[in-house]
Amino acid sequence: MSINLTPNSIAAINGGDLNLKPLVQVVDIKQIGTSQERYRLLISDSVSTHHAMLATQLNDRVKTGRVKKGSVVQLIDYMCSDVQNRRIVVVLNMETIVLDCDIIGNPKLGDMTAQKTVSNLNSAQPGRSVYDNRGNMQSFRPAFNAQNPGSNNMQGLQTNPLLQSQGMQGSRPMLMVPNGSNGVLRSATGKNNNNTQTYAPTVQPAYQPPPSYRNQGPIMKNEAPARVIPISALNPYQGRWAIKARVTAKGDLRRYNNAKGDGKVFSFDLLDSDGGEIRATCFNAVVDRFYDVIEVGRVYLISKGGLKPAQKNFNHLKNEWEIFLEAASTVDLCPEEDGGSIPQQQFDFKPISEIESAENNSILDIIGIVISVNPSVPILRKNGMETQRRTVGMKDSSGRSVELTLWGDFCNKEGQNLQELVDSEMFPVLAVKAGKVSDFTGKSVGTISSTQLFINPDIPEAHVLSDWFARIGQNSAAVSISRDLVPSGSKNEIRKTVSQIKEEGLGRSDKPDWVTVKATITYFKLDSFCYPACPLMIGDRQCNKKATRSGTRWVCDRCSQEFDECDYRYLLQFQIQDHTGLAWVTAFQESGEEIMGYPAKEVYQLKHEAQDEARLSDVFRSRVFYTYLFRLKIKEEMYADETKVKITVVRADKIDYSSETRHMLDTISRFRRY
């Protein structure tokens, strides 16, 4: 059984016919690329072959064996691109007609170079456009035979073996037409051709030449209007493309300096009606063209830009490519689409409980009820510039709460609005788009330049969360995952006594042990309870490394910068004791403030500036013999070539006698069976 492929389809595709929907055969398949998996096909029309790239969304066809070497496929959607002076066919959609088939015809290997094949068609189709080896359209007419006018139309057909093999018998053309619905074709002579079976394409309209425009002449093949395609179909092999998408986020204009000189850059995120997302970036002169044009929430038609692999360190969108707009790029506003089918925003919310296991610096979306808002405070960044920081407490129905850190303008805009709502006891729903996870003080989420905050958004998730909070959430407790809380695990909430820390050899394995101990503070070391810390910002968090005095100023060895004033952070060393024994522990800034009730700077000034030893002693004496529920991190560390077990307080909670009573009753009930 033989199968008829669409004749001359390789030349037609190269000439710009994007509506042919031809039947071709896959002669070869090769995987290319290392960082990104792509497949290159060699397709044939039984005479010529050409290379084609498979769009990434079709990779699964090859992996699952639905397309293989020898398969006959119908190209449903495709386009042509010029890459390094070579024309590449990019297949966007196709259907497999015959999975396994021997190689049809005698196709010439490599890209189409057979000028001879085209020349053989000159007399076969008088006046019809055919294509040369570059895919350019040529018009041919046979010479008129004045001696025998009736022979002009068929003169070339009688001597053309190529056309004879494709259904031309002698001087009578064999017209292949369907015979019923069984797919078997018969000739127009009335004789059945039992040796040939053709799988006709679903749609095979005749090729129409590109349209001509007034005062411009015919459009060149690289000047035809680009087709609007989904964002998910974008790839670097497309020469012409256009997308229609809504701007969901716009980054700040940033300036930089490198070996090439000064420059400026900004980016914006795009979302189309199919849910595809991609980031577009502009540099230097392109910034001047488009920065004031781009508005968040508006829909644009964008074309003529380069695609490069996305830098995942800075780009959180689920797309492996990023658009770089160029001098020839176009960005046209589509006001009729503002309220159309393209959504305003797309979220992928994660429960707060999942942030505990999220990787540091990962980007995610969260939604929760705002339960607390702290005042905005000034922070000095590493570059010497001052910015604002504000912390917001959020919780959701997962039973966890998290600290959200607002930076810069977020503090004065959304942050001030949130504070006014919470102060009025109106606890709003806050949706965070593109928050950055940090594990500096436990697990927390911070804003970055591409973060967006939505207060009481009109989305289903917000309505469900608001209803939960009104019914039960307002009075339910939530466990905070911020401020160096212990990670989830088998030893997360295991109670131990002080003596068990040593008896069970806790902290001597490769990973630290996390335990909870109920104990009382019995003694403080007063010679060193805090240290001068660097106040500069590194990224979105404070340096906090120890600073040293240099004349009248302070200097940080890590940041290699000087500053007028340093910050002071707790480094408490004290003794805790329960009914089984005692142990020395260390508490840093957050847990130190919980224990002392004073900022470290005030206690430092009391000792070194006011030199009021009596008052200093009273402050520490007032904190002795308080009982806390200590959450401890226990790890063996090396000091001066000697290993010691270090016990660090990551949180000190005052005793909640109601929950502590329940814990004791549960412990007693477990002993009843003995």
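Conventions we followed
Throughout this description, residue numbers start from 1 for each chain and increase along the sequence as written. The predicted nature of this model means local features are confined to residues of pLDDT at least 70 and side-chain atom pairs, given and counted, to a pLDDT of 80 or more, with totals for whole chains, interfaces and linings taken over all residues. Hydrogens and water are ignored here; the side-chain numbers use all heavy atoms of the structure. UniProt positions are given in the numbering used here, feature names are shortened, and annotations may be inferred rather than shown by experiment. In this scheme, a residue with accessible area under 20% of its type's maximum is buried, one over 50% is exposed, and one in between is partly exposed, where area comes from a 1.4 Å probe on protein chains only. Under the scheme used here, helices are H or I runs from DSSP no shorter than 4 residues and strands are E runs no shorter than 2 residues, and both carry numbers assigned from the N terminus. Each pair of strands is called paired provided DSSP finds at least two bridges between the two strands. To obtain an axis, a line is fitted to C-alpha atoms, over the contacting stretch when the element is a helix, and the angle between two such axes runs from 0 to 180 degrees between their N-to-C directions. Any Lys or Arg side-chain nitrogen found within 4 Å of a carboxyl oxygen on Asp or Glu counts as a salt bridge. Contact between two residues is taken to exist if any of their heavy atoms lie within 4.5 Å; hydrogens are not considered. Think of pLDDT as the predictor's per-residue confidence, scored from 0 to 100. Buried Ala, Val, Leu, Ile, Met, Phe, Trp, Tyr and Cys residues that are joined via side-chain atoms within 4.5 Å together make up what is termed a nonpolar core. Cysteine sulfur atoms that pair up within 2.5 Å are treated as a disulfide. What makes a crossing left-handed is the near helix being turned counterclockwise from the far one by less than a right angle; a clockwise turn instead makes it right-handed. For this classification, Asp, Glu, Lys and Arg are treated as charged, while Ala, Val, Leu, Ile, Met, Phe, Trp, Tyr, Cys and Pro are nonpolar and the rest, including Gly, are polar.

In the nomenclature of an unreviewed UniProt entry, the protein chain corresponds to Replication protein A subunit from the organism Linum trigynum. Heading Subcellular location (unreviewed entry) of the UniProt record for the protein chain holds this comment: "Nucleus".

1. Focus: the pairing of strand β24 (residues 400-407)
Burial analysis of β24 places seven of its eight residues in the buried class, which makes it a mostly covered element. In this sheet, β24 lies alongside strand β23 (residues 386-395) in antiparallel orientation, the contact comprising seven bridges. Looking across to β24, one finds that Arg390 is bridged to Leu406. Between β23 and β24, which pair antiparallel one after the other, the connecting turn spans four residues, and Gly399 there sits at a positive phi close to 85 degrees. Bridge count between β24 and strand β28 (residues 479-480): two bridges; the pairing is parallel.

2. A word on the sheet that holds strand β34 (residues 553-556)
Taken in spatial order, the three strands make up an open sheet running β33-β34-β35, and their pairing is antiparallel. Looking at strand neighbours, the two that pair on one side only are β33 (547-550) and β35 (561-563), the edges of this open sheet. The average undirected angle you get between the axes of adjacent strands in this sheet is 35 degrees. Here β33 pairs with β34 via four bridges, running antiparallel. In the strand pairing of β34, Ser550 is matched with Arg553.

3. Some details on the pattern of salt bridges
One pass over the full model with this rule turns up 21 salt bridges. Measuring nitrogen to oxygen at the nearest pair gives 3.7 Å for the salt bridge that ties Asp100 to Lys68. Residue Asp100 is found in the loop between β5 (86-98) and α3 (115-120), and its partner Lys68 is found in the loop between α2 (59-63) and β4 (72-83); the two are separated by 32 residues along the sequence. Salt-bridge contacts for Lys318 lead to Asp348; the nearest nitrogen and oxygen are separated by 2.9 Å. Taken together, the residues span a long stretch of sequence, with Lys318 in the loop between β19 (299-309) and β20 (321-333) and Asp348 in the loop between β20 and α7 (352-355) at a distance of 30 residues. A relative accessible area of 69% places Lys318 in the exposed class.

4. Things to note about the environment of Ser476
Here Ser476 shows up in the loop between α10 (460-471) and β28. For Ser476, a relative accessible area of 30% corresponds to the partly exposed category. In sequence terms Ser476 and Gly399 are 77 residues apart; their C-alpha atoms lie 8.1 Å from each other. Non-local contacts of Ser476, meaning those with residues more than four positions away in its chain, are made with Lys395 and Trp468.

5. Comments concerning the confidence of the model for the protein chain
Averaged over all residues, the pLDDT of the protein chain equals 78, while 77% of them reach at least 70. The low-confidence segment residues 484-492, where pLDDT is below 50, has 18 contacts with residues more than four positions distant or belonging to other chains.

6. Some points on the nonpolar core
Counting 44 residues, the largest nonpolar core has Phe524, Leu572, Phe574, Ile595, Phe630 and Leu632 as its most contacted members. It is strand β29 (residues 513-524) that provides the largest number of residues to this core, a total of five residues. In this structure, Ile595 is in contact with Ile521, Phe524, Phe574, Ala587, Arg623, Tyr628, Phe630 and Ala652, ignoring residues within four places of it in sequence. Counting residues in hydrophobic clusters, the runner-up holds 29 residues, among them Val90, Ile229, Ile231 and Phe290.

7. Some remarks on the state of the cysteines
By the definition in use, this model includes zero disulfides. Left unpaired, Cys530 is separated from the closest cysteine sulfur, that of Cys566, by 9.0 Å.

8. Description of the sheet that holds strand β40 (residues 642-654)
What the five strands build is a closed barrel, ordered β29-β37-β38-β40-β39; its pairing is mixed. Going from strand to strand, the sheet's axes swing by 55 degrees on average, the running direction of each strand aside. Docked against the sheet, helix α12 (residues 589-596) engages β29, β37 (572-578), β38 (581-587), β39 (627-639) and β40, running at close to 55 degrees with respect to β40.

9. Considering the packing of helix α13 (residues 600-608) against helix α14 (residues 613-621)
α14 packs onto α13 with a crossing angle of 145 degrees between their chain directions and a minimal axis gap of 8 Å. Like other packed secondary-structure pairs, α13 and α14 cross with a definite hand, here left-handed. Along its contact with α13, which presents Val603, Leu606 and Lys607, the element α14 presents Glu613, Arg615, Leu616, Val619 and Phe620. Looking at the contact of α13 with α14 residue by residue, the class counts come to five nonpolar, no polar and three charged.

10. Observations regarding the environment of Arg254
Note that Arg254 resides in strand β16 (residues 254-258). Judged by its relative accessible area of 46%, Arg254 is partly exposed. Arg254 sits 10 residues away from Lys264 along the chain, and the two C-alpha atoms are 5.6 Å apart. With sequence-adjacent residues up to four places away left out, Arg254 is seen in contact with Gly263, Lys264 and Val265.

11. Overview of the pairing of β39
Two strands pair when backbone bridges link them, and β29 and β39 are joined in this way by eight bridges, in the antiparallel orientation. Within β39, the residue paired with Trp514 across the bridge is Lys633. Across 12 bridges, the pairing between β39 and β40 is antiparallel. Across the sheet, Leu632 pairs through a bridge with Val649, a residue of β40. In textbook terms, the turn of a hairpin is the stretch between consecutive antiparallel strands, and for β39 and β40 this stretch comprises two residues, one of which, Ala640, has a positive phi near 50 degrees.

12. Notes on unusual backbone geometry
Notably, Lys304 is not glycine yet its phi reads approximately 60 degrees, a positive angle. Residue position: Lys304 is located in strand β19. One non-glycine residue, Glu425, lies in positive phi territory at about 60 degrees. For Glu425, the position within the fold is in the loop between α9 (414-423) and β25 (429-438).

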